[in-house]
Each structure stands twice: as C-alpha cells, then as structure tokens.
Amino acid sequence: MISLTRLVTLQTVGNAAIPSSELARGIGFSNEMEGDASDVDRFRRATLGLYRRSGFDRATVAARLLPTAEPRRFALHLTISEGAPTRIRDVAVQYRSPNPVTGAMEPSKRQPIPVARLLGWLRVEGGVVLNRARVEESVKTIYANLARERYYSAVVLPPRERVVPGTPNEVDVVFEIRAGPHYDIRFAGNRNYRDEELYEA
C-alpha cells in the first residue's frame, strides 16, 4: 500500500454529463486533502454512485494515482465511460383516496386531490434523463404539500422504476401515495392569528 500525505488534485477524463467541479463535490474530494491508496476505490465507488443517481446506470469508472513532481503528493485520476443514460418514458401517480376522520371530529367533505395536481408537485417528467436525486426531492415535496392540505398521516411509498419492455434505456417512474384521512381542524378563541397561520404552524 502506498502511504500518502496529500491528494493534491482531481483529474477526470470522459465526464461530459457531470462537470469536474460538481463531480469533486459529489464524491467529497478536495484539493490538498489527506489520503492514501485505500481511498482510490472509495472515490471510484462514490463516482459510480453519483452517476447512478444522475441516471447513468451503465457508467464505468477506472481510478488510479498519478505521482506529481513533489514527493508524497499524488493526483487522483478518474477515467469515466458514461454510457447511454436511462430516460423516463412516463411518470405515473397511484393515489389512494383518503378516508374521512370519524369519531369526535366531523367527517371531512374534502374531495380527493386530482392526479393532475399531484403530478404538478413532482420534480420529474417524462422524456428526460432519470435523475434519482430529483425523484427523492419529489417525495419530500409530496409530503410537504399533503401536510399543507392537512393529510397529516399520508404515506408516500418509495417510487418504483418500471422497465419498459423492449426499451432497456427507458423506465416509467411510479409514485404511490396513500393519503390517509383528511383532517378538518376548528380553532376557537384565536384572536391574534388567522386560521391559515395556525395551520402552517
């Protein structure tokens, strides 16, 4: 094993989809960082993970250390073959309508949220490269909007990637939402705040 004191720079070849500066941030590399030969495979795997999250499932990465003019100072060199990206053919929402709250509270008369509106909350759409980070952001956005609509017990299942038969580079992304009950909340005695402000709190 090579004992290093500094990884002085990152050199990349073949990264057309992800700029070198973004790649360095994504894998946690910084110039003049301490490291040793055991970090080479860690950065290689981190680069593969970053490409996968960006929709490049067929990417390959080779990593090696290159000596510099100064002793004990090395450059990390990544050779990347991105391959064809995975694209989203279509985005679908499977929505289970809520049941009204019963018992001590009045049943809610709220109609189910239209699927077209749910689709408008998403950060992804058909026809683009599958960006799994945006898929994850979409789940957070759905939760936030359902909470604003007072579906406090809603559950969004992990999105599914459904392979399109005959087109290995395309998937359908399916979001499954179980809205749960809608809560009608009544406030009394709130002279200083509007109902809307209390809902947001």
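This write-up is about the structure you can find in this document. Please read all numbers here as calculations on a predicted model, not as lab measurements.

**Here we look at the pattern of salt bridges**
Line of reasoning, step 1. Going through the model one piece at a time under the given rule, you end up with 14 salt bridges.
Line of reasoning, step 2. Among the ionic pairs, Asp57 bridges to Arg132, the shortest N-O distance being 2.9 Å. Here Arg132 lies in helix α4 (residues 132-148) and Asp57 lies in the loop between α2 (39-53) and β2 (60-67), a separation of 75 residues in the sequence.
Line of reasoning, step 3. Among the residues examined, Asp57 registers a relative accessible area of 34% and is labelled partly exposed.
Line of reasoning, step 4. Judged by relative accessible area, Arg132 falls into the buried class, the value being 9%.

**Some thoughts on the environment of Gly26**
Line of reasoning, step 1. Along the chain, Gly26 falls in helix α1 (residues 20-27).
Line of reasoning, step 2. In this structure the C-alpha to C-alpha distance between Gly26 and Tyr51, which are 25 residues apart in sequence, comes to 9.7 Å.

**Focus: the packing of aromatic side chains**
Line of reasoning, step 1. Scanning all chains against the criterion turns up two aromatic pairs.
Line of reasoning, step 2. Measuring from ring centre to ring centre gives 5.6 Å for Phe29 and Phe43, while their planes differ by 70°; the resulting arrangement is edge-to-face. Within this pair, whereas Phe29 is found in the loop between α1 and α2, its partner Phe43 is found in helix α2, the two being separated by 14 residues in sequence. Side by side, Phe29 and Phe43 carry an identical accessibility label, which is buried.
Line of reasoning, step 3. Here Tyr51 and Phe56 contribute two aromatic rings whose centre-to-centre distance is 5.8 Å and whose plane-to-plane angle is 85°, an arrangement assigned as edge-to-face.
Line of reasoning, step 4. With a relative accessible area of 0%, Tyr51 lands in the buried category.
Line of reasoning, step 5. Accessibility expressed as a relative area gives 11% for Phe56, which makes it buried.

Scoring rules and cut-offs
Residues numbered from 1 in each chain as written. Predicted model: local features only at pLDDT ≥ 70, side-chain atom pairs only at ≥ 80, totals over all residues. Heavy atoms only, no water. Salt bridge = Lys/Arg side-chain N within 4 Å of Asp/Glu carboxyl O. Helix = DSSP H or I, 4+ residues; strand = E, 2+ residues; numbered from the N terminus. Buried < 20%, exposed > 50% of the residue type's maximum accessible area, 1.4 Å probe, protein only. Phe/Tyr/Trp six-rings, centres within 6.5 Å; stacked < 30°, edge-to-face > 60°.

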